[in-house]
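Fold and contact review
Residues per chain, in single letters:
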Amino acid sequence: MKLRPLHDRVIVKRIESETKTASGIVIPDNAAEKPDQGEVLAVGPGRKTDKGEVIALNVKVGDRVLFGKYSGQTVKVNGDELLVMKEDDLFAVVEK
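Notes on the structure in this doc start here. (Residues numbered from 1 in each chain as written. Predicted model: local features only at pLDDT ≥ 70, side-chain atom pairs only at ≥ 80, totals over all residues. Heavy atoms only, no water.)

1. A look at the environment of phenylalanine 91
To keep it simple, the criterion reads: Here a helix means four or more residues in a row that DSSP labels H or I, a strand means two or more in a row labelled E, and each is numbered from the N terminus. Any residue under 20% of the maximum accessible area for its type is buried, any over 50% is exposed, and the rest in between are partly exposed; the area is computed with a 1.4 Å probe on protein chains only. Any two residues whose heavy atoms approach within 4.5 Å are treated as being in contact.
Relative to the helices and strands, phenylalanine 91 resides in strand β8 (residues 90-93). When its relative accessible area of 60% is taken as the criterion, phenylalanine 91 is described as exposed. Between the C-alpha atoms of phenylalanine 91 and phenylalanine 67, which are 24 residues apart in sequence, the distance is 5.2 Å. Setting aside its immediate chain neighbours within four residues, phenylalanine 91 contacts Leu66, Phe67 and Gly68.

Next up, the structure:
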């Protein structure tokens, strides 16, 4: 199944965080927090203004982004857990 987001929505796949602390302590899955970083897999065409003009999104496919812990709607596609969220839910793009 292939997803194509509408309007100003983006599809993000969470990037799993380390399960070990810097000192070597292993964090069990049930105690670990959900990661707040992800990779953008798809973007919509953009947001429409009141005049009907489309404003393109600031993120693109492949960007690594930061978002809130409870942002977006979780969907399962082909066994992968993905997030569908509005561009406004994203905090920042991680620059390399």
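Next comes the rest of the description.
2. Describing the sheet that holds strand β1 (residues 9-14)
Convention followed: Paired strands, as defined in this entry, are two strands with at least two bridges between them according to DSSP. Orientation is described by lines fitted to C-alpha atoms, with helices fitted over the stretch in contact, and by angles between N-to-C directions that extend from 0 to 180 degrees.
Strand order across the open sheet formed by 6 strands is β6-β7-β1-β2-β5-β8, with antiparallel pairing between neighbours. Looking at the sheet topology across the chains shown, the edges are occupied by β6 (73-77) and β8. In this sheet, adjacent strand axes meet at a mean angle of 45° when their direction is disregarded. Here 3 bridges tie strand β5 (residues 64-67) to β8, and the two strands are oriented antiparallel to one another. Within β8, the position partnered with leucine 66 by the bridge is alanine 92.

3. Brief notes about the nonpolar core
Worth spelling out the cut-off: Here, the term nonpolar core denotes a set of buried Ala, Val, Leu, Ile, Met, Phe, Trp, Tyr and Cys residues that are joined through side-chain atoms within 4.5 Å.
Counting 10 residues, the largest nonpolar core consists of Val10, Val12, Val40, Leu57, Val59, Val65, Phe67, Leu83, Met85 and Leu90. The set of elements that each furnish at least two residues to this core consists of β1, β5 and β7 (80-86). With sequence-adjacent residues up to four places away left out, leucine 57 is seen in contact with Asp8, Arg9, Val10, Val43, Gly44, Gly46 and Glu87.

4. Things to note about the pattern of salt bridges
What counts here: We count a salt bridge whenever a side-chain nitrogen from Lys or Arg sits within 4 Å of a carboxyl oxygen from Asp or Glu.
Per the counting criterion, the structure on display carries 3 salt bridges. Between aspartate 8 and arginine 9 there is a salt bridge; the shortest N-O distance is 3.9 Å. Judged by relative accessible area, arginine 9 falls into the partly exposed class, the value being 32%. Notably, a salt bridge pairs aspartate 80 with lysine 13, separated by 3.8 Å at the nearest N-O pair. Of this pair, aspartate 80 sits in strand β7 while lysine 13 sits in strand β1, placing them 67 residues apart in sequence. On the basis of relative accessibility, which here comes to 35%, the residue aspartate 80 falls in the partly exposed class. Given the relative accessible area of 34%, lysine 13 is considered partly exposed.

5. What to know about the environment of alanine 92
Looking at the secondary structure, you find alanine 92 in strand β8. Each residue touching alanine 92, except ones within four places of it in the same chain, is listed here: Arg64, Val65 and Leu66.

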